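Okay, here's what each chain looks like letter by letter:
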Protein chains: 2
Amino acid sequence: MKNHPNKKAFILANGSFPKNKALRTLLHDAEFLVVCDGAMRHLEALDILPHAIIGDLDSISPQLKAKYQDRIIEIKEQNSNDLSKAFFYCISLGYKEITILGATGKREDHTLANISLLLHYHSFAKVILRSDYGTFQTFAIKQSPHVIQSFKGQQISLFCLDPSVQLTSTKLKYPLNDLSLPLWANGTLNEALGTDFTLSSNKPTLVLVYQTL
Amino acid sequence: MKNHPNKKAFILANGSFPKNKALRTLLHDAEFLVVCDGAMRHLEALDILPHAIIGDLDSISPQLKAKYQDRIIEIKEQNSNDLSKAFFYCISLGYKEITILGATGKREDHTLANISLLLHYHSFAKVILRSDYGTFQTFAIKQSPHVIQSFKGQQISLFCLDPSVQLTSTKLKYPLNDLSLPLWANGTLNEALGTDFTLSSNKPTLVLVYQTL
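Residues numbered from 1 in each chain as written. Chains lettered and ligands numbered in written order. Predicted model: local features only at pLDDT ≥ 70, side-chain atom pairs only at ≥ 80, totals over all residues. Heavy atoms only, no water.

**Focus: the interface of chain B and chain A**
Next up, step 1: Of the residues lining the interface, 30 residues belong to chain B; the matching set on chain A comes to 30 residues.
Next up, step 2: Between chain B and chain A the total buried area reaches about 2,800 Å² when both faces are included, carbon and sulfur atoms providing 73% of it.
Next up, step 3: If you look at where chain B meets chain A, you find zero salt bridges.
Next up, step 4: Our enumeration of links across chain B and chain A arrives at eight residue pairs in polar contact (both at pLDDT 80 or more).
Next up, step 5: Those elements that provide at least two residues to the side of chain B that touches chain A are α5 (108-121), β7 (134-141), β9 (155-159) and β13 (205-212) of chain B.
Next up, step 6: Sort the elements by how many residues they give to the side of chain B that touches chain A and α5 of chain B lands first, with nine residues.
Next up, step 7: Grouping the amino acids of the side of chain B that touches chain A by side-chain chemistry returns 14 nonpolar, twelve polar and four charged. (Contact = heavy atoms within 4.5 Å. Buried area = accessible area lost by both parts, 1.4 Å probe. Salt bridge = Lys/Arg side-chain N within 4 Å of Asp/Glu carboxyl O. Polar contact = N/O pair within 3.5 Å; in protein donor to acceptor, adjacent residues only side chain to side chain. Helix = DSSP H or I, 4+ residues; strand = E, 2+ residues; numbered from the N terminus. Nonpolar A, V, L, I, M, F, W, Y, C, P; charged D, E, K, R; others polar.)

**Overview of the UniProt feature "domain: Thiamin pyrophosphokinase catalytic" (unreviewed entry) in chain A**
Next up, step 1: On the UniProt side, "domain: Thiamin pyrophosphokinase catalytic" (unreviewed entry) is annotated at positions that read residues 24-125 of chain A here.
Next up, step 2: The straight-line gap between the two end C-alpha atoms of residues 24-125 of chain A is 23 Å; of that span, 42% is helix and 16% is strand. (UniProt positions renumbered as here; feature names shortened; annotations may be inferred.)

**As for the pairing of strand β3 (residues 52-55) of chain B**
Residues and elements named next belong to chain B.
Next up, step 1: The side-chain alternation of β3 yields two buried faces, one formed by A52 and I54 and the other by I53 and G55.
Next up, step 2: Where strand β2 (residues 33-36) meets β3, three bridges bridge the pair, whose relative direction is parallel. Bridge pairing links V35 to I53 in β3.
Next up, step 3: Crossover β2 to β3 through helix α2 (residues 40-45) is right-handed.
Next up, step 4: Bridge count for β3 against strand β4 (residues 72-74) is three bridges, and the pairing is parallel. (Buried < 20%, exposed > 50% of the residue type's maximum accessible area, 1.4 Å probe, protein only. Pairing = 2+ DSSP bridges. Right-handed = clockwise from strand over helix to strand, strands pointing away.)

**Considerations on the pattern of salt bridges**
Next up, step 1: For the structure shown, the criterion picks out 20 salt bridges over all chains.
Next up, step 2: Between D70 of chain A and R71 of chain A there is a salt bridge; the shortest N-O distance is 2.9 Å.
Next up, step 3: Assessed through its relative accessible area of 58%, D70 of chain A is described here as exposed.
Next up, step 4: A salt bridge links K203 of chain B to D162 of chain B, with the shortest nitrogen-to-oxygen separation between them at 3.8 Å. Separated by 41 residues along the polypeptide, K203 of chain B in the loop between β12 (196-201) and β13 and D162 of chain B in the loop between β9 and β10 (167-170) bring together distant segments of the chain.
Next up, step 5: The partly exposed category is assigned to K203 of chain B, whose relative accessible area is 33%.
Next up, step 6: Its relative accessible area of 29% is what places D162 of chain B among the partly exposed residues.
Next up, step 7: Within this structure, D58, E74 and K76 of chain A form a network of salt bridges that share partners.

Rendered as structure tokens:
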């Protein structure tokens, strides 16, 4: 098993392909790029060669499958989706920082699943999901305030699945004071007042933070 | 207060505007249509006149605001999003069946919030969220099997927020047997084997069901 603790891996999933130029540049320049099989057609169109193509191979054309057979990793099991297959392949190689692109848009059930998987991935690596609209990242929040970078006017949404957690914020436009977020909608539509804000909680928890570009 | 128990209301939210022709026809033919302010530009382009334009009016152009001032309902409060403002306006008029379009796509925090609000709306009306990719609907599931219409090969995803709930299914490709869905990803990527399937649970709960078109 290789070990790449300081290197970053990128995963392209099979949702909406990024339109944002900066995100496409990330794909071009990625030092290690894994693509979920159905998304290989986007890379082919942009002449980007990934290091691995992973999935159950249900959604890649026979032409692309033949052309890139040297880098295809077929995983047939049905208990995880293609994003998870790609993620744990990167983990198996020792990557500790993983950026996920193309994980939202199109089928909404895939979007929901991929976003919620970030909570699962948190214990394995630092993971950032980036789209044309914003970024999702999971933070481990405790009683002492955790500082999260932002910019003034950045739209912030907070998601926390555990109804017994009460969150407190500083430097957000609509402050949270021992607030639970039983519905995913309750923590949305907030705004950063400056270059950072803080979150703390009544007990250790994971909070999914969405920040607009 | 009027009462329209047998009439259907439609809401257009400010996510991705539907490309699907059948969904656009629904908007054209709606007997009662409420639009979230930011989405009015789409209706204007298609020459569709809504019955009400609702929201905090932050995201509608001055031109459209002036042109349609006879049907604008401005609600400034910041504790609910524009979709909820539109929803409870329909509820206040007595509508009991509400179809929501344009509630997903674009900003992912809005998508998550709008989908999770379906669980909140369930006690007020029969609500269907429709997109170019599928439909979300909330069902009250109990110990006796609840029959849900489908078609053979339809992709099905199930979401249930309560980790103490155990779900059981029939006529799904990957059967659930007293299964909890602690992560939103766990109930995705299933498939209907025929024209219906059933769900039952160890205790009364709400299940969010996604079905592809």
